[in-house]
Amino acid sequence: MTSPLVAIIDDDEALCSSLVDLMRSVGYHAEPYTSAETFLTSSNLFSLDCILADVHMPGMSGLDLLRKLHEQGITTPVILITALPDKHLDDEAVSLGAQCLLRKPFETNSLLDSVERSLSNERPAR
C-alpha cells in the first residue's frame, strides 16, 4: 500500500517545511507549496489524499483555494489553519466543505488526528 500524499500550503516557509517534515516523520508523502497559486499548477492536484492550507496568504486565500478546488471538481479533504480567532471563519470554512479549521498554535496531535480523520473520511464533531 502506498503512503498518503499530503499537500502543505503555507506562505510561512519555516512552518511549511516543519509541517512537511512532520508528515514525513509519520510515514506520509508530503509536498510543500508557498502559495495556493503555485499549488494549483501542481501535477499532483488530482492525486492528493489530503490538503493542509493556511487561510491567510498573499494572493489566493485558503478559503478561495477551497472554492477553486470545488469549481474544478476536486473533492480532496482540506484542513485549514489560521491564527485568527474569528468565529465567522469557522462557519465559513465548514460551509465551504473544509474538513476542519485548526487555530495556530495547534497541538501536533490535533493536526495528526485531523489528517487521520480526513484520510478515513470521518468528519470531526462540531
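Coordinates for the structure precede this section.
In what follows, the accompanying structure is described. This structure is a prediction, so every number in the text was calculated from the model and none was measured. (Residues numbered from 1 in each chain as written. Predicted model: local features only at pLDDT ≥ 70, side-chain atom pairs only at ≥ 80, totals over all residues. Heavy atoms only, no water.)

1. Considerations on the sheet that holds strand 4 (residues 78-82)
Okay, so step 1: The strand order across the open sheet built from five strands is 2-1-3-4-5, with neighbouring strands paired in parallel fashion. Pairing within the sheet leaves two strands with one partner each, and these edge strands are strand 2 (29-33) and strand 5 (100-103). Looking at each pair of strands side by side, their axes are set apart by 20° on average, direction ignored.
Okay, so step 2: Relative to strand 3 (residues 50-54), strand 1 (residues 5-9) runs parallel, the two being bridged by four bridges. Its bridge partner being in strand 3, I8 is matched across the sheet by L52.
Okay, so step 3: Sheet strands in contact with helix 1 (residues 13-25) are strand 1, strand 2, strand 3 and strand 4, and its direction is about 170° off that of strand 2.
Okay, so step 4: Sheet contacts for helix 4 (residues 87-95): strand 4 and strand 5; angle to strand 5, the most-contacted strand, approximately 150°. (Pairing = 2+ DSSP bridges. Helix = DSSP H or I, 4+ residues; strand = E, 2+ residues; numbered from the N terminus. Axes fitted to C-alpha atoms, helices over the stretch in contact; angles between N-to-C directions. Contact = heavy atoms within 4.5 Å.)

2. Here's the deal with helix 3 (residues 62-71)
Okay, so step 1: Those residues of helix 3 that sit buried are G62, L63, L65, L66 and L69. When helix 3 is viewed along its axis, its buried side chains cluster within an angular range of 160° and face the same direction.
Okay, so step 2: Capping the start of helix 3, S61 holds a side-chain oxygen 3.3 Å from the backbone nitrogen of L63, two or three residues further along.
Okay, so step 3: Positioned one or two residues after helix 3, G73 has a phi angle of 75°, which is positive. (Buried < 20%, exposed > 50% of the residue type's maximum accessible area, 1.4 Å probe, protein only. Arc of directions from axis to C-beta. Polar contact = N/O pair within 3.5 Å; in protein donor to acceptor, adjacent residues only side chain to side chain.)

3. Points about the packing of helix 1 against helix 5 (residues 108-119)
When two helices pack together, you describe them by how their axes are tilted relative to each other and by the distance separating the axes.
Okay, so step 1: Between helix 1 and helix 5, the least distance of the axes is 12 Å, while the angle of their chain directions is 65°. At the point where helix 1 passes helix 5, the crossing takes the right-handed sense. Residues L19, L22 and M23 of helix 1 pack against T108, L111, L112 and V115 of helix 5.
Okay, so step 2: A class-by-class count of the residues in the contact of helix 1 with helix 5 yields six nonpolar, one polar and no charged. (Left-handed = near helix turned anticlockwise from the far one by under 90°. Nonpolar A, V, L, I, M, F, W, Y, C, P; charged D, E, K, R; others polar.)

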